[in-house]
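One letter stands for each residue in the lines below.
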Amino acid sequence: MIDEAKQVAADVRSEGLTLLTDLYQLTMAQGYFEEGKHNDLACFYMFFRDMPFEGGYAVAAGIDQLMDLVEGFHFDQDDIDYLAGLPAPGGGLLFKQPFLDYLRELVLTVDIDTVREGDLVFTREPLVRVTGPILQCQLLETALLNCVNFQTLVATKAARICSVAKGAVAEFGLRRAQGPDGGVSASRAAYIGGCASTSNVLAGKLFDIPVSGTHAHSWVMSFDSELEAFRAYAKTSPSNCVLLVDTYDVERGVRNAITVGREMRARGEKLAGIRIDSGDLAWLSKKARKMLDEAGFPDVKIVASNNLDEYTIASLNEQDACIDSYGVGTYMATCYDQPALGGVYKLSALFDDATGTWVPKVKATETAAKATIPGVLGVRRYVRPDGSISGDMIYDINQEPSGSAIIIDPLDSTRRKNLSRREYFQLLTPLVRGGKLVREREHVRVARERCLKNIAALDPSVARLLRPHNIPVGIESGLFARREDLLLEAKGFKSASFLANQDRALLLVDIQNDFCPGGALEVAEGDQVVPVANQLIALFKANRLPVIATCDYHPQGHVSFASSHEGCKVGDVIDAGGVQQYLWPDHCVQGTTGAQLHPDLNVKDVTSIVYKGTKPDVDSYSAFFDNAHGSEQTTGFLRDLKVKELVVCGLATDYCVKYSVLDALSLGFQVTLVTSGCRAVNVKPEDEQLAIQEMEAAGCRICEGIDEL
């Protein structure tokens, strides 16, 4: 059994990566097969949501292994036999023979487009796009993520370390890496990220990466003295002599290295360097540099190691450490401070044979940050004349972006950038067509050079380690709008189609403190309209439609106040300039807290606030006219916005809401009332129902909730 396990471990790489997958990929594949959906065309894309290490960029790596995955993809008889024997938890066998027969003959026919290794990549944009039969796309997911996630993470960590190191960096992480395969992949990725060499001999052989290394403390400890150990090492490695000087005492170790250096010089040889692997590296390196220079060895290099990362190296720079190169192990190979990139692979479109078009698909989720981007996605990278990145546009390759080239942050629609004056190129390029490789393999050195060039072109504000500036990455404006519609539909809002035309506005009537519980003119449950109003505000904002809020805003002594009329009380009706006026408590007085909109209302997304009832001698229930039917400003404002249809909610149903709706209808607007977002005064118990009946009879569409829009 032990020999068999060893053989399996040795054959992992030669076996191919077809079974390097999660079981659920295969159970889904069987489901697609049995449902007759296995050849339905689908599009998936791979992306990550958060920048690794809270940095300003990531370095793509692992694409070369995707080529191995595609070239070696097949189910041989051993694979089929293994799958055929897997038991189902409920009894019987997990996989059925017709499906296994299908897998045995399966040949990849997918198309794959990717970034190139060494490219800088950013959050939410596709690194890989896979298009083809949905069963095949699904079976590639796990191995694809395994290849790209880890290597991209390591390459990024290496790039951060190399960007601050004042000298070459060697990758020393094999002994702490996640297993043999992880160690080899880490060495390759670290080289792409900028490391000059690796200690990993197998990686050096497999990928033609420069290898480097000296000796360990055990070498020194195996001799009777440090000086004897140094002399022996200089004898056996005269052209690669870097002496580790901290086994016992660094200052004494440097003196012994100087002694050996003089002996080598006398033989016509040269001491290449010393390495310090412990202690205060800044202080010790400066001490060692002084000793070497005074001894006549200014060319002997000082190598530092010992759990280094980008922050430690940056700190050494600030302390003017005399270090010429670095050996970085654990923190690079294991990405010690962030163990995973978090890249994901999501379905974004399905092909409709009936119409011959791609149908975009979106994952909505309860967390906005996890919502996906629909469509067959590509990335345009816009660049400045000097070649630096101006911004990345995520777009649907089947929908030509608008000429304005505006990108919108998927998490904040107010953050936008116009890239129309920049040149661009396509970040994703073909890797596989019809299951066959169409891109030549690159030497890993080419990817490393691409990475170094790209990082050198970054603005220092983006390249810095702490709180970097972010390269603008956004969704093309047309795709953004389509995505918002799909997200709304996915959450059960029919409003996505209702709001498709850009001639609608939301009217929020008098959602003010004085009309809510505890206010001067309290409406029962008046504050319950606020959550509904906020949902409507979000809906209209997402569709870039105007939101208007009205506010009663009375001067002191207003004609509608009972206190303004001697001998009168609340509830009395008087004649005010020929208009019958119901008398109310003093409310919504200019400059008071009661006149302010409710604090929980999402006021920041309100387009405009209309103040009414500002004339001292006439009240104004309606958003459009005062009670004497003089003109108000709302009508002209809505006409300017080319609004034809209003959605209305607010306070109170039987007064300001009713009169606003009736006046809007008389002015030719179409009106929909959302009753869940309204509450009534109900001076008489039946007032609310009578008001709704009156509005409906006048032509208002009545909806109980938002989902009925």
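Residues numbered from 1 in each chain as written. Predicted model: local features only at pLDDT ≥ 70, side-chain atom pairs only at ≥ 80, totals over all residues. Heavy atoms only, no water.

Asks: Just checking my understanding: could you explain the overall build of the chain for this structure?
Replies: Broken down by element type, the chain carries 23 helices and 29 strands. Taking 27 Å as the expected radius of gyration for a compact globule of 709 residues, we find that the chain reaches 35 Å, considerably beyond that expectation. Viewed in the frame of its principal axes, the chain has a C-alpha envelope of about 120 × 70 × 50 Å. Counting the 709 residues in the chain, one finds 53% classified as buried. Pairs at least 24 residues apart make up 73% of the contacts formed inside the chain by residues separated by at least 6 positions. Just so you have it, the chain exposes about 31300 Å², and 51% of that area is on carbon and sulfur atoms. Taking the average location of the 70 positive side-chain charges in the chain and that of its 94 negative ones, the two points are 9 Å from each other. (Helix = DSSP H or I, 4+ residues; strand = E, 2+ residues; numbered from the N terminus. Rg over C-alpha atoms; globule rule 2.2 N^0.38 Å. Buried < 20%, exposed > 50% of the residue type's maximum accessible area, 1.4 Å probe, protein only. Contact = heavy atoms within 4.5 Å. Areas by Shrake-Rupley, 256 points an atom, 1.4 Å probe, with all protein chains shown as cover. Lys, Arg positive; Asp, Glu negative; His and termini not counted. Charge placed at Lys NZ, Arg CZ, Asp CG, Glu CD.)

Asks: Got a minute to help me understand the packing of aromatic side chains in this structure?
Replies: Aromatic ring pairs are defined here through the distance separating the ring centres and the angle between the ring planes. By the definition in use, this model includes 17 aromatic pairs. For the pair Tyr621 and Tyr655, a centre-to-centre distance of 5.5 Å together with 75° between the ring planes defines the contact as edge-to-face. In this pair, Tyr621 is assigned in the loop between β26 (608-612) and α21 (634-640) and Tyr655 in helix α22 (residues 653-666), connecting sequence segments 34 residues apart. As far as the burial class goes, Tyr621 and Tyr655 line up, both buried. Through successive ring pairs, a cluster of aromatic residues spans Tyr582, Trp584, Tyr621, Tyr655 and Tyr659. The ring of Phe207 has Arg188 lying over it, and the distance from NZ or CZ to the ring centre is 5.5 Å. Between the NZ or CZ atom of Arg265 and the centre of the ring of Phe297, over which it lies, the distance is 4.1 Å. (Phe/Tyr/Trp six-rings, centres within 6.5 Å; stacked < 30°, edge-to-face > 60°. Lys NZ or Arg CZ within 6 Å of the ring centre and 35° of its normal.)

Asks: Can you help me understand the sheet that holds strand β16 (residues 406-409) in this one?
Replies: Working definition: the strands of a sheet are paired by backbone hydrogen bonds and lie parallel or antiparallel to each other. Spatially, the six strands line up as an open sheet ordered β17-β16-β21-β15-β14-β18, and their pairing is mixed. In this open sheet, the two edge strands, each paired with only one partner strand, are β17 (412-418) and β18 (423-426). Neighbour-to-neighbour, the strand axes of this sheet turn through a mean angle of 35°, independent of strand direction. Each of β14 (377-383), β15 (389-396), β16, β17 and β21 (473-476) is contacted by helix α18 (residues 477-490), which is oriented at about 75° to β21, the strand it contacts most. (Pairing = 2+ DSSP bridges. Axes fitted to C-alpha atoms, helices over the stretch in contact; angles between N-to-C directions.)

Asks: I tried to follow the sheet that holds strand β9 (residues 273-276) on my own but got confused; where do I start?
Replies: Strands sit in the order β7-β6-β11-β10-β9-β8 across an open sheet of six strands; the sheet is parallel. Pairing within the sheet leaves two strands with one partner each, and these edge strands are β7 (197-198) and β8 (242-244). Bridge analysis of strand β10 (residues 301-304) against strand β11 (residues 325-328) gives two bridges, and the strand direction is parallel. Paired with Val303 across the strands is Ser325, a residue of β11. Where helix α13 (residues 281-294) meets the sheet, it contacts β9 and β10, and its direction lies at approximately 155° from that of β9.

Asks: Teacher, can you tell me more about the packing of helix α3 (residues 23-34) against helix α6 (residues 97-104) here?
Replies: Working note: a packed helix pair is described by the angle between its axes plus the distance between those axes. α6 packs onto α3 with a crossing angle of 100° between their chain directions and a minimal axis gap of 10 Å. Taken as axis vectors, α3 and α6 run roughly perpendicular relative to one another. Contacts between α3 and α6 involve Leu26, Ala29, Gln30 and Phe33 from the first element and Pro98, Phe99, Tyr102 and Leu103 from the second. Here the contact of α3 with α6 is built from residues that sort into seven nonpolar, one polar and no charged. (Parallel < 35°, antiparallel > 145°, perpendicular 65-115°, else oblique. Nonpolar A, V, L, I, M, F, W, Y, C, P; charged D, E, K, R; others polar.)

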